[in-house]
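Report on the structure
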Amino acid sequence: MIKTDVIIIGAGPVGLFAVHQLGIKGLKAEVIDNLDKAGGQCIELYPEKPIYDIPAIPECTGKELTDNLLKQISPFETNFHYNERVDEVIQEKENWIVKTNKDKKFIAPNIMIAGGVGSFEPRKLALKEAEKFENKSIFYSVTNKEVFKNKSLCIFGGGDSALDWALELSKTSKVTLLHRRNEFRGAPHTLSEIKKLEKQNKISIKTPCQLISIKGEKDIESIDIKYEDEKIEKIKTDIILSFFGLIMKLGPIAEWGLNMDKKVISVNADNFQTNKPGIFAVGDICTYPGKLKLILSGFHEVALASVECFKRARPNEKYRFEFTTSSKTIQGRLGLEKKND
Ligand SMILES: Cc1cc2nc3c(=O)[nH]c(=O)nc-3n(C[C@H](O)[C@H](O)[C@H](O)COP(=O)(O)OP(=O)(O)OC[C@H]3O[C@@H](n4cnc5c(N)ncnc54)[C@H](O)[C@@H]3O)c2cc1C
């Protein structure tokens, strides 16, 4: 069981800035996200698009914003638990216990839900038989590429993930890239690299085709694909990697007994606490009169919520409002003492 002051659910821009606002108040946080990296919508939906309404930053991309937020919170040495979805929230006296789908447990007096529009989850293969092979020979993400070394891989998808991994894994494995259209959506540069490898017989490309069946008992032995002209081809393979994009699922958050308004959590705009004391909701996932789903609104919300988190985590201490420009305590927490001497 991991003990901390605040459990943050979601490593989107708002969850990341929550680490900062808690950290300068001396509170420790653990951050959990279902994705394999920080940044939420900014990194998953528009990493290269410029944002123009972050105060004092005239222009930055989703990736640049994420990188800068990570840099800003680096002094706090926070633990991030990626590829884990928070499934359960249970009350234990003054504390909350949070359980993930990988059976990791956390305990804290505060939970900050910065879950955005819900957890990003891979769009899975529609075939019924796909389920029994999941995480054994069917994968929707790559966490350890060693698993795929010296294997026959069928990589499905037409976007950047499918192209990037086809290129990368072709260095150590036999790769077949399959897509339901002739045109790929991924970066033209990556595609031209793959086409070069195809000419050298190092990668095989099959389009336009769909997966129609998976054969095998314990492990996958082969798959059948169907082309537009109804022709069926059998391909021997050890592993399927499928990159059909992500869907956003509110999922378990709806079952934690929180007051919801459609698909968002109602909060008190004084401190962004939900109807459960110690559970806060911030960023796109929360609603209150006048709520704007903007990053800057989320930044304001975590500043206020973190004050209430402090009161719950340190009931015997008085909260003191301080400026970062003048507070030696805050500067110490940011590791700046030496720099300012
Ligand atoms: C194309 C586009 C352009 C945009 N442009 C702008 C703009 O110019 N300016 C602006 O201010 N805003 C913009 N936005 C909106 C902005 O991106 C969102 O307001 C912001 O991302 C919300 O941040 P968040 O941290 O609340 O949630 P998110 O960014 O959605 O992050 C939430 C995270 O929580 C995780 N999560 C959810 N549930 C769970 C769970 N149960 N367990 C584990 N993890 C979970 C998700 O995987 C996700 O990573 C834009 C949005 C889009 C889609």
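Preceding this section is the structure that the text describes.
The model shown is predicted, which means the values in this text are computed figures rather than measured ones.

Moving on: the sheet that holds strand β19 (residues 239-242). Spatial ordering of the open sheet is given by β12-β19-β13-β14-β15, a layout of five strands whose pairing is parallel. Pairing within the sheet leaves two strands with one partner each, and these edge strands are β12 (138-139) and β15 (203-206). Two elements, strand β13 (residues 152-156) and β19, share four bridges in a ladder whose sense is parallel. Across the sheet, the residue bridging to Leu 153 is Ile 239, located in β19. The strands that helix α5 (residues 160-169) touches are β13, β14 (174-178), β15 and β19; relative to β13, the one it contacts most, it runs at about 165 degrees. Along the sheet face, helix α6 (residues 188-199) touches β14 and β15 and points at about 110 degrees away from the line of β15.

The next subject is the site of the ligand. Taken together, the neighbourhood of the ligand is formed by 32 residues, with Asp 33, Gln 41, Tyr 46, Asp 53 and Asp 284 sitting nearest. In this structure, Pro 13 approaches the ligand through a main-chain N or O atom, which is 3.5 Å from an oxygen atom. Interatomic distance of 2.8 Å between a side-chain N/O atom of Asp 284 and an oxygen atom of the ligand. For the ligand, the accessible surface in isolation is 1,000 Å², of which the surrounding protein chains cover 86%. When residues of the shell around the ligand are traced back to their parent elements, those giving at least two are α1 (13-23), α2 (40-44) and β11 (119-122). When its residues are assigned to classes, the shell around the ligand shows 15 nonpolar, 11 polar and six charged.

This part covers the packing of α1 against helix α7 (residues 295-313). A pair of packed helices is characterised by two quantities: the angle between their axes and the separation of those axes. Where α1 meets α7, the closest approach of the two axes is 9 Å, and the angle between their N-to-C directions is 40 degrees. Comparing their axes, α7 and α1 come out oblique. In the packing of α1 onto α7, the handedness of the crossing is right-handed. When α1 is examined against α7, the residues Pro 13, Val 14, Phe 17, Ala 18, Gln 21 and Leu 22 are found in contact with a partner set consisting of Ile 295, Gly 298, Phe 299, Val 302, Ala 303, Ser 306 and Cys 309. Classifying every residue of the contact of α1 with α7 by side-chain character gives 10 nonpolar, three polar and no charged.

The rules we used
Residues numbered from 1 in each chain as written. Predicted model: local features only at pLDDT ≥ 70, side-chain atom pairs only at ≥ 80, totals over all residues. Heavy atoms only, no water. Pairing = 2+ DSSP bridges. Helix = DSSP H or I, 4+ residues; strand = E, 2+ residues; numbered from the N terminus. Contact = heavy atoms within 4.5 Å. Axes fitted to C-alpha atoms, helices over the stretch in contact; angles between N-to-C directions. Near = heavy atom within 4 Å. Polar contact = N/O pair within 3.5 Å; in protein donor to acceptor, adjacent residues only side chain to side chain. Areas by Shrake-Rupley, 256 points an atom, 1.4 Å probe, with all protein chains shown as cover. Nonpolar A, V, L, I, M, F, W, Y, C, P; charged D, E, K, R; others polar. Parallel < 35°, antiparallel > 145°, perpendicular 65-115°, else oblique. Left-handed = near helix turned anticlockwise from the far one by under 90°.

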